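Understanding the architecture of this molecule
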There are 4 protein chains.
Amino acid sequence: MIKVGVIGCGYWGPNLIRNFNAQPDCELSVIADLDEKRLQQVGLLYPNTKKTTNYKEILEDPDIDAVVVATPMTTHFPLGSEVLEAGKHLFLEKPMATNSEDCRTLIALAESKDLQIMVGHTFIYTSAVRKIKSLMDGGEMGDIHYVNIERVNLGLFQKDANVVWDLAPHDVAMLNYLFEADPVRVNATGHCYVQKDLGIEDVAFVTLEYPGGKLANIHVSWLDPNKIRKCTFVGSRKMLVYDDVHPSEKIRVFDKGVDVAPHYEGFGEFQLQYRSGDIFVPQIEMAEPLKAETSHFLDVIQGKAIGLSTGHHGLRVVQVLEKACESLKNGGRPVDLVFDD
Amino acid sequence: MIKVGVIGCGYWGPNLIRNFNAQPDCELSVIADLDEKRLQQVGLLYPNTKKTTNYKEILEDPDIDAVVVATPMTTHFPLGSEVLEAGKHLFLEKPMATNSEDCRTLIALAESKDLQIMVGHTFIYTSAVRKIKSLMDGGEMGDIHYVNIERVNLGLFQKDANVVWDLAPHDVAMLNYLFEADPVRVNATGHCYVQKDLGIEDVAFVTLEYPGGKLANIHVSWLDPNKIRKCTFVGSRKMLVYDDVHPSEKIRVFDKGVDVAPHYEGFGEFQLQYRSGDIFVPQIEMAEPLKAETSHFLDVIQGKAIGLSTGHHGLRVVQVLEKACESLKNGGRPVDLVFDD
Amino acid sequence: MIKVGVIGCGYWGPNLIRNFNAQPDCELSVIADLDEKRLQQVGLLYPNTKKTTNYKEILEDPDIDAVVVATPMTTHFPLGSEVLEAGKHLFLEKPMATNSEDCRTLIALAESKDLQIMVGHTFIYTSAVRKIKSLMDGGEMGDIHYVNIERVNLGLFQKDANVVWDLAPHDVAMLNYLFEADPVRVNATGHCYVQKDLGIEDVAFVTLEYPGGKLANIHVSWLDPNKIRKCTFVGSRKMLVYDDVHPSEKIRVFDKGVDVAPHYEGFGEFQLQYRSGDIFVPQIEMAEPLKAETSHFLDVIQGKAIGLSTGHHGLRVVQVLEKACESLKNGGRPVDLVFDD
Amino acid sequence: MIKVGVIGCGYWGPNLIRNFNAQPDCELSVIADLDEKRLQQVGLLYPNTKKTTNYKEILEDPDIDAVVVATPMTTHFPLGSEVLEAGKHLFLEKPMATNSEDCRTLIALAESKDLQIMVGHTFIYTSAVRKIKSLMDGGEMGDIHYVNIERVNLGLFQKDANVVWDLAPHDVAMLNYLFEADPVRVNATGHCYVQKDLGIEDVAFVTLEYPGGKLANIHVSWLDPNKIRKCTFVGSRKMLVYDDVHPSEKIRVFDKGVDVAPHYEGFGEFQLQYRSGDIFVPQIEMAEPLKAETSHFLDVIQGKAIGLSTGHHGLRVVQVLEKACESLKNGGRPVDLVFDD
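Residues numbered from 1 in each chain as written. Chains lettered and ligands numbered in written order. Predicted model: local features only at pLDDT ≥ 70, side-chain atom pairs only at ≥ 80, totals over all residues.

1. Some remarks on the overall build of chain A
Condition: Helix and strand definitions follow DSSP, with helices as H or I runs of at least four residues and strands as E runs of at least two, each counted in order from the N terminus. In this setup the radius of gyration rests on C-alpha atoms only. A globule is expected at 2.2 Å times the number of residues raised to 0.38. Here a residue counts as buried when 20 or more other C-beta atoms sit within 10 Å of its C-beta, as exposed when there are 12 or fewer, and as partly exposed otherwise, the C-beta atoms being derived from the backbone.
Looking only at helices and strands, chain A features ten helices and 15 strands. Against the 2.2 N^0.38 benchmark of 20 Å for 341 residues, chain A shows a C-alpha radius of gyration of 22 Å, consistent with a compact globule. Projected onto the principal axes, the alpha-carbon positions of chain A cover approximately 80 × 45 × 40 Å. Expressed as a percentage of the 341 residues in chain A, the buried residues total 53%.

2. Structural notes on the sheet that holds strand E4 (residues 66-69) of chain D
Within a sheet, adjacent strands bond to each other through the backbone by hydrogen bonds, running parallel or antiparallel. Residues and elements named next belong to chain D. Put simply, the test is: Strands are labelled as partners when DSSP assigns at least two bridges between them. Lines fitted to the C-alpha atoms define the axes, with helices restricted to the stretch that makes contact. Angles between their N-to-C directions range from 0 to 180 degrees.
Here we have six strands laid out as an open sheet, ordered E3-E2-E1-E4-E5-E6, and parallel in their pairing. Edge positions in the sheet fall to strand E3 (50-52) and strand E6 (117-119), since each has one partner strand and no second. Here the strands of the sheet are splayed against their neighbours by 20° on average, with no regard to which way each runs. Pairing of strand E5 (residues 89-92) with E6, which is carried by three bridges, proceeds in the parallel orientation. Bridge pairing in E6 links Phe-91 to Met-118.

3. What to know about the sheet that holds strand E3 (residues 50-52) of chain B
All names here are of chain B. If you trace the six strands from one edge of the open sheet to the other, you get E3-E2-E1-E4-E5-E6, paired in parallel fashion. The two strands at the open ends of the sheet, each matched to only one other strand, are E3 and strand E6 (117-119). Here the average twist between neighbouring strands, direction ignored, is 20°.

4. Quick look at the pairing of strand E8 (residues 185-191) of chain C
Residues and elements named next belong to chain C. Taking burial as the measure, the seven residues of E8 include five buried ones, the bulk of the element. Direction of pairing for E8 relative to strand E9 (residues 203-210): antiparallel, over a ladder of seven bridges. Opposite Gly-190, over in E9, you have Ala-204 as the bridge partner. In this structure, E8 lies alongside strand E15 (residues 335-336), joined through two bridges in antiparallel fashion.

5. Regarding the environment of Met-96 of chain A
All names here are of chain A. Quick note on the threshold: In this description, a residue-residue contact is defined by the distance between C-beta atoms placed from the backbone, which must lie within 7 Å.
Position of Met-96 relative to the elements: it lies in the loop between strand E5 (89-92) and helix H5 (100-113). The spacing of Met-96 and Asp-143 is 47 residues in sequence and 31 Å in space, taken between C-alpha atoms. Aside from chain neighbours lying at most four places away, what touches Met-96 is His-76, Cys-103, Val-119, Gly-311, Gly-314, Leu-315 and Val-318.

6. Describing the domain arrangement of chain A
Residues and elements named next belong to chain A. Put simply, the rule reads: Note that the domain bounds were set by an automatic or database domain assignment. Polarity classes work like this: nonpolar for Ala, Val, Leu, Ile, Met, Phe, Trp, Tyr, Cys and Pro, charged for Asp, Glu, Lys and Arg, and polar for all others, with Gly in that last group.
Looking at chain A, the domain boundaries give domain 1 (2-120 + 291-305) and domain 2 (124-287 + 318-336). The gap between the C-alpha centroids of domain 1 and domain 2 is 30 Å. Taken together, the 14 residues of domain 1 in the interface contact ten residues of domain 2. Of all the elements in the fold, those that place two or more residues in the side of domain 1 that touches domain 2 are H5 and helix H9 (289-301). The greatest single-element share of the side of domain 1 that touches domain 2, amounting to four residues, is contributed by H9. Partitioned by chemical class, the residues of the side of domain 1 that touches domain 2 number seven nonpolar, four polar and three charged.

7. Remarks on the packing of helix H7 (residues 163-179) of chain D against helix H10 (residues 311-329) of chain D
Residues and elements named next belong to chain D. Rules: For classification purposes, angles smaller than 35 degrees are called roughly parallel, those larger than 145 roughly antiparallel, those between 65 and 115 roughly perpendicular, and all remaining angles oblique. Handedness of each helix crossing follows the sense of rotation of the near helix against the far helix: counterclockwise by less than a right angle gives left-handed, clockwise gives right-handed.
Two elements in contact, H7 and H10, have axes separated by 9 Å at closest approach and are oriented at 125°. Of the possible angle classes, the one that applies to H7 and H10 is oblique. Between H7 and H10 the crossing geometry is right-handed. Contact residues: H7 offers Val-164, Trp-165, Ala-168, Pro-169, Val-172, Ala-173 and Asn-176, while H10 offers His-313, Arg-316, Val-317, Val-320, Leu-321, Ala-324, Cys-325 and Leu-328. Among the residues forming the contact of H7 with H10, the class breakdown is twelve nonpolar, two polar and one charged.

8. A closer look at the nonpolar core
Here is the rule: Nonpolar cores are built from buried Ala, Val, Leu, Ile, Met, Phe, Trp, Tyr and Cys residues. These are joined into a set through C-beta atoms within 7 Å.
By size, the foremost hydrophobic cluster in this structure holds 409 residues, and its most contacted members are Val-164 of chain A, Val-164 of chain B, Val-164 of chain C together with Val-164 of chain D. Among residues more than four places away in sequence, those in contact with Val-164 of chain A are Ala-188, Gly-190, Glu-201, Ala-204, Val-206, Val-220, Leu-321, Ala-324, Cys-325 and Leu-328 of chain A.

9. As for unusual backbone geometry
Residue Pro-95 of chain A is reached from Lys-94 of chain A by a cis peptide bond, and omega for that bond is -10°. Relative to the helices and strands, Pro-95 of chain A is located in the loop between E5 and H5. Backbone geometry places Asp-114 of chain B, a non-glycine residue, at a positive phi of 60°. As for its position among the elements, Asp-114 of chain B is in the loop between helix H5 (100-112) and E6.

10. So, the environment of Val-300 of chain A
Residue and element names in this part refer to chain A. If you trace the backbone, Val-300 turns up in helix H9. Sequence separation between Val-300 and Val-194 is 106 residues, and the spatial gap between their C-alpha atoms is 42 Å. Setting aside residues up to four positions removed in sequence, Val-300 forms contacts with Gln-116, Met-118, Ala-305 and Gly-307.

11. Structural notes on the environment of His-246 of chain B
Residues and elements named next belong to chain B. Checked against the element boundaries, His-246 lands in the loop between strand E12 (238-243) and strand E13 (251-255). On the neighbour-count criterion, His-246 (18 C-beta atoms within 10 Å) is partly exposed. Along the primary structure His-246 and Ile-228 are separated by 18 residues, whereas in three dimensions their C-alpha atoms are 9.4 Å apart.

12. As for helix H6 (residues 127-137) of chain D
All names here are of chain D. Where we set the bar: Here the arc refers to the directions that run from the helix axis out to each C-beta atom.
The complete set of buried residues in H6 reads Ala-128, Val-129 and Ile-132. When H6 is viewed along its axis, its buried side chains cluster within an angular range of 95° and face the same direction. In this structure, H6 carries Ser-134 and Asp-137 as exposed residues pointing more than 90 degrees from its buried face. Against the buried residues of H6 lie H7, strand E11 (223-235), strand E12 (238-243) and strand E13 (251-255). Once H6 ends, the next one or two residues include Gly-139, with phi positive near 85°.

13. Describing the pairing of strand E11 (residues 223-235) of chain A
Residue and element names in this part refer to chain A. Counting buried positions over the 13 residues of E11 gives ten, a clear majority of the element. Relative to E11, strand E7 (residues 144-154) is paired through nine bridges, and the arrangement is antiparallel. Each bridged residue has a counterpart across the sheet, and for Leu-154 the counterpart in E11 is Leu-223. Bridge count for E11 against strand E12 (residues 238-243) is five bridges, and the pairing is antiparallel.

Structure representation (structure tokens):
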């Protein structure tokens, strides 16, 4: 039975709490949050779990094996360091830290103490992304040429990070996982519309180049009243659209089919030619990804599995975000990526 | 009664022929095409119109007032020059030419002979774009922050132009028209997948910056089995999605609404928060844009209207495409745009 | 070369004219319409075809082999009789006549003169219905249990027929074709909303029972601002949805999949369970059904094919409509159907 | 503080338990279920609530004010009677009972003891139905002409009730609520496909006639792999589509717009005419209806509100279901409805 403490009951923390609580080989021992009201509100659902506004109580508790940090990203490094120093395994929300140097420090610390770090790159644990991986690995799609991603919604505006640091970690982590590779170049264009004074970009277009000329265009935004999470993978044999907000058809696989005929007799027929192959919509298991993610963390801690989103994976994502923002500050100038960890 | 000759009965020419033929103050006098079979096939529908495989017959016919050139883009400049030299008004398909120098030559020639040039930037003449313009001009949307455009489909692969020259002219012309401005900077990333040997890009992501920090991201591709023509305009007050392939809801206007609540009790509710305001789907007149376009050309020739897609407009579009491709060849390096015509 | 005359250039006639004109082994000889303006308007597109406001000229022309009647349904019988009396093959728009007695008279007349009757049940000739037939015949769907059909739109309100006579012929003809059987019972409920004074129903719900307990529910309406043409076929193995107004996905085939789990942890997950099997969207050829239909008529006349929508088929449809309306007038009382022709 | 006991932790019970537990002026005192495993599983979430496999403990507990019965429909009457006999308010899941006689007995019993009965007609408490009611009451839609309802999904097959008793209560309760009237006539057609031996219909088409000629067609099925909950309300001024499974656009309001033009130039334009007016998609609050429903029950008990789904409402629904099934057994023969309670 692994004993887990959680620091942070804000936007995302309650989802982690709920899932760790439901894992059979895990005991949710302590919940910590600076905001006493928040703590009480969430705590109502877990009457038998200890609550505290002082997270140090978690670090000092010798019974606790692992600590989950679900706090704002600027606190990931200091809190993560304290957790590892206290000799406990670390589950850190994404992005792992605000810069790659801090990620490296955390990794070194964990390795010196023989502890595990897991970064909460949730999408790797979704049924949909798993399905995509298996379709890609099976060769059905041919070579992947490019990916086009939209990840946009209205707010929540962050104060301590721009939209790239807030939303793009999902996509970079997913692409690194799917391609089993890191990007070699990035450029990014963006703008600060709402938080102009703070200099925080709320819209960005990021283009990554992966080995073999694979391109990925990622559009992130906090300004779009429509929530869109859509990834289009175009391969040499098939195309796949992953629409994460569709209630029942998250993945659609398109056959290439034949080319469009060159001759039309009228305006209407001209407009009618929309696609040319069969479409297949596989059933995707409707499982909560956090269930798989929290279970995986417990397995990794117990040596039953090899981590899919370790500190090393988290670092790679942060490196891409750093360079994307460097490009952003330079009007879109492309930046080469070198990984030497 | 304006007498019109048409050079080119390929992919797009028959649409122009059909529309000029239907204009009440216009007579479709001659159709020319190098391919005799093609000429016969199209000509069956216009038994009383003269057909020829020698386009010079059109230029030499003193009764013809205006000539429509719907041929591959590399021939736009030589044919356009001949038409103007022959003293006839010129309707040129888009893009106007393969480089800005040729555009300038055509403009100078037309001005010296007091002739009109119109470039076939069809989207400016659609009911949908007209509706968007009126919504933007009416202030309902607030300041436009950014635009995200997808213009993708499977084939037809061009041999004499990459996908930027083939598909992006629509978007650049539309954006210039809607914003009543030219972009100040462009960067573009792309790749050659299918026609690698020819070095012809079949996928590209182009980012334009317009004055006032307006961004436009344009994704063009010949590799997507799904035909998508979708433009999302995000303004400070409202958002608008223009989906040109939707059979009945081409334009959707989204209210901003309020922010998403910060607390959820479970995974399901968390996922349920998709949008937060009302949506309005205005009826759009189902008119063929070429009807408005061809009618406008006849009006301009007769001095009844001022051109909306003249040679000058066509030149500006070509200048943007030139610089986009310069960026493309330099791995996405941003290029500033200066217009001095 | 078959010579064809067409009577009626109203709503549907021009579509038939265009298609007969385009058939290679057919000559469109004469077009007749009582309305001279209408005749001129349509005639512009067929400058070499004779026009007349006196349809008798068609009947008296010895060169004409076949006559197409695309006039209001109340005139189908008198005009059809004259055509057959004149010794010409007859293409009649649907429904064949306003009552089964007239249908029988037409059939007898045609047989006595060795002439063909074809009724314009267009849906039988669509790529989509052909695809459904092949899926049903191949056994992939299992036994068909029931069909649910919506065929609704706004207007055009008819003066000489209710909505059942106007819209349901499509569905009855399609179902008879797909099931290769006639219904054994019908009941219908409906109401007159807009044309109350004339007693003409504008909305109806018709339920047909086919042999083997197959049910078909047909909802027809002139009052729905949304144009819907949707047929859901539920079989013991698979389900198929045929959405005729979808621009690119007319047919969707649903696997049954497994049952929904009985236990949910929250409201959200409860709502998330929408379907349970794979979906397949086969590509459907985008062909105009009238092209197949007019070609088939020419083949039947020339003895090259056996008619799929002969007078006998048309009669069966009219018999069902008659009994549906009998039920309608009796508040939905079911009526047994007996066919003894 | 109202003390509540719940009998039944099956499919729906846990949703009621969760919501009563979350009501501030309510204490969830006891949960009963015959199945000990089920009881434990659900009970884990409510560690401080008493659990029992003997529901009589709830009836005998003098502290308990109200009892929720969420058991199979055949037990509604015997359990409901016991609850009322024990002097406790009664919340009964729908349908209220298996016949109207039992409903009347329950009503008389409650009235004699001055107790409240509430039937769980959840849809009355949804944000969407409330929105429809306000749009109808505000006159915006004009006179409602007819309603077309699809309520279909795959399983869960019931053993003690047919699909009409299982699914149609939602619709009848909703329509009675919206129209503030009871239907005057019903006919129904259906069939037993899967549970042929038991004689339990799994598909039915029910047509109700409300005063003033309003028609409602309700299609219920357990055989449709697609989950559909869709109601189309056609009024003299506007139409409204209520799609309960759409994640973000549950209600769409269609303007009538003008009529379709009678002349088309080609097949394509002919097909393009899909609708003719504006569409409005109002934002609907994303609230769980059971929250409003359980809160309403507590208010009714405390005399703070007048019941919207009392025993009398429940009885009316059951009367309609009875007569619908009478029609079903008679091949669709229409049955008049008289209410004399």
